[in-house]
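Fold and contact review
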Amino acid sequence: MQSFDEIILDIKSLKIQGATDVALSAILALNIKSKEVKGKNELLSFAKIIEETRPTEPGMRNLLTLYMKKVSDNLENSDEVYEQIVSDVKNSAKKIYEIGSHVIKDGASIFTVCHSSNVVGIMKKAWESGKRFQVFNAETRPHFQGRKTAKELTEFGIPVTHFVDNAAYRYIKKCDLFMFGADSINSMGDIINKVGTHNYAELSKRFDLTTYCCTSSIKFNSKTYIGEEEEIEYRDSIEVWDFQNPNLKILNPAFDKVEKESVDGIICEWGVMSPVEFVNKAIENYA
Ligand code: RUB
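Predicted model, so just to flag it, every value in this text is computed and none were measured. (Residues numbered from 1 in each chain as written. Predicted model: local features only at pLDDT ≥ 70, side-chain atom pairs only at ≥ 80, totals over all residues. Heavy atoms only, no water.)

Attention now goes to the sheet that holds strand E9 (residues 265-268). Overall, mixed pairing links the seven strands, which are arranged E3-E2-E1-E4-E7-E9-E10 in an open sheet. Edge positions in the sheet fall to strand E3 (160-163) and strand E10 (271-273), since each of these pairs with one other strand and no more. Going across the sheet, the axis of each strand differs from the next one's by a mean of 25°, ignoring polarity. In the sheet, strand E2 (residues 134-138) pairs with E3 via four bridges, with the strands oriented parallel. Within the sheet, the bridge partner assigned to Phe136 lies in E3 and is Thr161. Sitting on the sheet, helix H5 (residues 78-101) touches strand E4 (177-180), E9 and E10, and the angle it makes with E9 is about 135°. (Pairing = 2+ DSSP bridges. Helix = DSSP H or I, 4+ residues; strand = E, 2+ residues; numbered from the N terminus. Axes fitted to C-alpha atoms, helices over the stretch in contact; angles between N-to-C directions. Contact = heavy atoms within 4.5 Å.)

Given below as structure tokens:
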């Protein structure tokens, strides 16, 4: 069993990555802390510490808020609350995999980036149902989360073609479908996902790929409804290059924005929806 500090470190270092896994690990850490603190108020300060590990993660913030809302003042129901939230997230993921699997056609060539548990879950479900397709997958510098996608899919028997990010143009034009995850969806229906997703969405438009964001509704950032901008996380420049020179500035944004016009739909636990339909339903549920 990991400790609170170990989980925090793993989230910060990207050993735990992907918005869903980050959100689930966040409430696991909070539940571990609930055994050590005196009451709900003290626990709240640890929820804030967890939130700061990854700024662009409304999924994590939504689950932490839900957990804090449901635990009693003396925290005696903390395990029950934790287990219920995990079970709801897992059930919603199963629905997404099922709904998304119907979107994949036999013989498809699918482009993807980074590692999204929702995208991988959909592909595995489609493969299990007998569909045969191939995946083109960008390695996703500087942390190479694309390798995690390639490993998980190939171990499942799904053929993957893997390449450096800069080779994407060459392969995306061979594809008919682009599937990617989401870290955040704002009240305009725009999607924040791993840096590079914006470029791939532009190329997808140019080559007529059908483009889907695959995500659970927990990624909706209700704060953007009242005018707040989603903060984009900038990571340590050392992840890009450890060379230093006073004349050199290295920037390392973790995410970028895909405008709602660039996607054909959002595959979520409620079905396949347009970004505007998604936002309308998310506002009812989260605002
Ligand atoms: C991961 C990433 C994923 C989303 C969605 O970024 O951009 O596409 O988080 O993941 P990082 P999921 O590696 O920086 O966390 O579908 O699993 O929620």
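Split by domain assignment, the chain resolves into domain 1 (4-94) and domain 2 (98-286). Between the C-alpha centres of domain 1 and domain 2 the distance comes to 24 Å. Here domain 1 meets domain 2 over a buried area of about 1800 Å², counting both sides, of which 46% is carbon and sulfur. At the junction of domain 1 with domain 2, the criterion picks out two salt bridges. Where Glu233 meets Arg54, a salt bridge forms, and the shortest distance between an N and an O atom there is 2.9 Å. At the surface where domain 1 touches domain 2, the tally comes to nine residue pairs in polar contact (both at pLDDT 80 or more). Elements with a contribution of two residues or more to the side of domain 1 that touches domain 2: helix H2 (19-33), helix H4 (58-70) and H5. With five residues, the top contributor of residues to the side of domain 1 that touches domain 2 is H4. For the side of domain 1 that touches domain 2, the per-class residue count stands at six nonpolar, eight polar and six charged. (Domains from an automatic or database assignment. Buried area = accessible area lost by both parts, 1.4 Å probe. Salt bridge = Lys/Arg side-chain N within 4 Å of Asp/Glu carboxyl O. Polar contact = N/O pair within 3.5 Å; in protein donor to acceptor, adjacent residues only side chain to side chain. Nonpolar A, V, L, I, M, F, W, Y, C, P; charged D, E, K, R; others polar.)

Around the ligand sit 18 residues in total, of which Gln17, Thr20, Ser116, Ser117 and Asn193 are the nearest. Measuring from an oxygen atom of the ligand, one finds a side-chain N or O atom of Ser116 at 2.7 Å. Looking at the shell around the ligand, the elements that each hand over two or more residues are H2, helix H6 (117-128) and strand E6 (191-194). Here the residues of the shell around the ligand sort into four nonpolar, 10 polar and four charged. (Near = heavy atom within 4 Å.)

Let's shift gears to the pairing of E2. Within a regular beta strand, the side chains point alternately toward one face of the sheet and then the other, so they alternate between its two faces. Among the five residues of E2, four are classified as buried, and the element is accordingly described as predominantly covered. Note: strand E1 (residues 109-113) against E2, five bridges, orientation parallel. The partner of Thr112 across the bridge, within E2, is Asn137. Note that the unit made of E1, H6 and E2 has a crossover that is right-handed. Taken together, E2, helix H7 (residues 145-155) and E3 form a β-α-β motif whose crossover is right-handed. (Buried < 20%, exposed > 50% of the residue type's maximum accessible area, 1.4 Å probe, protein only. Right-handed = clockwise from strand over helix to strand, strands pointing away.)

Residues Ile27, Leu30, Ile50, Leu63 and Tyr67 are the most contacted members of the largest nonpolar core, which totals 31 residues. Among the secondary structure elements, those contributing two or more residues to this core are helix H1 (4-12), H2, helix H3 (40-51), H4 and H5. Among the elements that line this core, the one with the most residues is H2, at eight residues. If near-sequence neighbours (up to four positions away) are discounted, Tyr67 is found in contact with Ile27, Leu30, Asn31, Ser34, Leu43, Ser78, Val81, Tyr82 and Ile85. By size, the runner-up hydrophobic cluster in this structure holds 28 residues, among which are Phe163, Ala168, Phe278 and Ala282. (Core = buried A, V, L, I, M, F, W, Y, C linked by side-chain atoms within 4.5 Å.)

Our next topic: the environment of Leu209. Take Leu209: it is sitting in the loop between helix H9 (197-206) and strand E7 (210-214). Between the alpha carbons of Leu209 and Ser274 there is a distance of 16 Å; along the sequence they are 65 residues apart. Among all residues touching Leu209, those that are not within four sequence positions of it are Phe111, Ile172, Cys175, Asp176, Leu177, Phe178, Ser204 and Asp264.

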